[in-house]
Amino acid sequence: MELWYTEKQTKDLGITCKIKETLHVEKSEFQHIALIDTNQYGRMLVLDGTVQTTIQDEFVYHEMISHVPLFTHPNPRKVAVIGGGDGGSIREILKHKSVEKACLVEIDKKVVEVSKRYLPEISVALDDSRAQVCIEDGIEFVKNHKNEFDVIMVDSTDPVGPAVGLFVKGFYQSIHDALKEDGVFVAQTESPFLNGELITSVYKDVQEVFPIARLYLCCVPTYPSGMWTFTLGSKKFDPLKVEENNIEELDFKYYSKEIHKAAFALPPFVKKLVE
Ligand code: SAM
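About the cut-offs
- Residues numbered from 1 in each chain as written.
- Predicted model: local features only at pLDDT ≥ 70, side-chain atom pairs only at ≥ 80, totals over all residues.
- Heavy atoms only, no water.
- Helix = DSSP H or I, 4+ residues; strand = E, 2+ residues; numbered from the N terminus.
- Buried < 20%, exposed > 50% of the residue type's maximum accessible area, 1.4 Å probe, protein only.
- Lys, Arg positive; Asp, Glu negative; His and termini not counted.
- Salt bridge = Lys/Arg side-chain N within 4 Å of Asp/Glu carboxyl O.
- Polar contact = N/O pair within 3.5 Å; in protein donor to acceptor, adjacent residues only side chain to side chain.
- Pairing = 2+ DSSP bridges.
- Near = heavy atom within 4 Å.
- Areas by Shrake-Rupley, 256 points an atom, 1.4 Å probe, with all protein chains shown as cover.
- Nonpolar A, V, L, I, M, F, W, Y, C, P; charged D, E, K, R; others polar.
- Domains from an automatic or database assignment.
- Core = buried A, V, L, I, M, F, W, Y, C linked by side-chain atoms within 4.5 Å.
- Contact = heavy atoms within 4.5 Å.
- Axes fitted to C-alpha atoms, helices over the stretch in contact; angles between N-to-C directions.

Trainee: How should I be thinking about unusual backbone geometry in this particular structure?
Mentor: The backbone phi angle of N147 is positive, close to 55°, even though this residue is not glycine. Along the polypeptide, N147 turns up in the loop between α5 (138-143) and β9 (149-155). Positive phi, close to 60°, is recorded for D251, a residue that is not glycine. Along the chain, D251 turns up in the loop between β12 (227-234) and α8 (257-262). Of the residues examined, D251 reaches a relative accessible area of 60% and is grouped as exposed.

Written out as structure tokens, the structure reads:
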């Protein structure tokens, strides 16, 4: 018998993968959690029926959400990740020797537990002495920290359930205040093919809160449409002005000096969303 997993990404579109094995299924306080092993993409974390990360393509998203802001800041020492319970962003952040502390602020402790058990390649750095895991709502966390972080990353689920409040202007203002005077912020902001209105509205909010706002792209095959955006807000440093010589080679599979620059080259239909 063949078993297949289908995520209905929109009411008219989906992704389907053949399942090798279902490793874990549970309902946590916040969401439905599934860990399946697929023939094409390997082990896959699925929250509320939506693919979060897979062994085969996770490096793209985790490298791009982390290294673009971390190399934009000349000396990131204290970093926070809001969401990101699989640990992939923390793994990338801790590749930077300048980082003294990386705080993971994840609302659902079950996501961390399941990722540690079934996705060790991704969650590998969560027990590092420089990593701190806080099980807490990211919205409250940023309200309670002022002038503290060099870089904050919002590695969230789609804007539904507990993540709705991570896509609003008030939250970006709290992030602005939680950053030091030269801090950098980045958030995953979905697909330009399917979520254009959201990208436009987040970009506008970030532009109103930060002196520098930029949108950049990467390709994640298991995310809806495959083309994914990140919105970056910065108080001082412009990601477009990063000197290539300051980008150290850190065992990358997707990010590079060239990609740092190229990721900000937007096709006209994407550019239009933020003009
Ligand atoms: N890379 C992923 C993507 O784009 O699909 C995101 C992965 S990570 C698993 C997303 C995490 O955000 C989830 O574990 C979820 O529990 C967490 N999350 C959602 N809302 C949150 C909030 N308000 N505070 C902290 N974490 C939150």
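Structure shown, so let's carry the discussion forward.
Trainee: Where do I start with the side chain of D155 in this structure?
Mentor: Looking at where D155 falls in the secondary structure, it is placed in strand β9. No salt bridge forms around the buried D155; measuring N to O, its nearest opposite-charge neighbour R91 is 9.7 Å away. A polar contact is formed between the side chain of D155 and the side chain of S89, at a distance of 2.8 Å.

Trainee: Mind showing me how you'd approach the pairing of strand β1 (residues 3-10) here?
Mentor: In the case of a regular strand, side chains alternate between the two sheet surfaces. Here β1 pairs with strand β2 (residues 13-27) via seven bridges, running antiparallel. From the neighbouring strand, L3 faces β2, where its bridge partner is I19. Count of turn residues in the β1/β2 antiparallel hairpin: two residues.

Trainee: I'm lost on the site of the ligand in this one. Help?
Mentor: The environment of the ligand is formed by 25 residues, the closest being Q31, E106, D137, G138 and Y223. At 3.0 Å from a nitrogen atom of the ligand is found a side-chain nitrogen or oxygen belonging to D137. Notes on the ligand: free accessible area 600 Å², of which the protein chains cover 99%. If you list the elements that add at least two residues to the shell around the ligand, you get β5 (50-54) and β7 (101-106). Taken together, the residues that form the shell around the ligand break down as ten nonpolar, nine polar and six charged. Two domains share the shell around the ligand, each providing at least three of its residues, namely domain 1 (3-54) and domain 2 (58-274).

Trainee: What's the story with the nonpolar core in this structure? I'm lost.
Mentor: Nonpolar side chains in soluble globular proteins tend to be buried together. Counting residues in each nonpolar core, the largest one holds 38 residues, and the members touching the most others are M64, I90, I93, M153, Y216 and F230. Put simply, the parts of the chain that give this core at least two residues each are α1 (58-72), β6 (78-83), α2 (88-93), β7, β9, β10 (179-188), β11 (212-219) and β12. At eight residues, α1 tops the list of elements feeding residues into this core. Residues within four places of F230 in sequence aside, it is in contact with Y61, M64, I65, V186, A187, Q188, T189, R214, L215, Y216 and C218. Residues C134, A187, I199 and V274 belong to the second largest nonpolar core, which totals 35 residues.

Trainee: Quick question: what am I supposed to make of the sheet that holds strand β8 (residues 131-135) here?
Mentor: Two strands in a sheet stick together by hydrogen bonds in their backbones, pointing the same way (parallel) or opposite ways (antiparallel). With mixed pairing, seven strands are arranged side by side in an open sheet as β8-β7-β6-β9-β10-β12-β11. For this open sheet the edge positions go to β8 and β11, each flanked by a neighbour on one side alone. Across this sheet, the average inter-strand angle for adjacent strands is 15°, counted without regard to direction. Where β10 and β12 come together, five bridges link them in antiparallel fashion. Along β12, the bridge assignment pairs F185 with G233. Sitting on the sheet, α1 touches β6, β9, β10, β11 and β12, and the angle it makes with β9 is about 160°.

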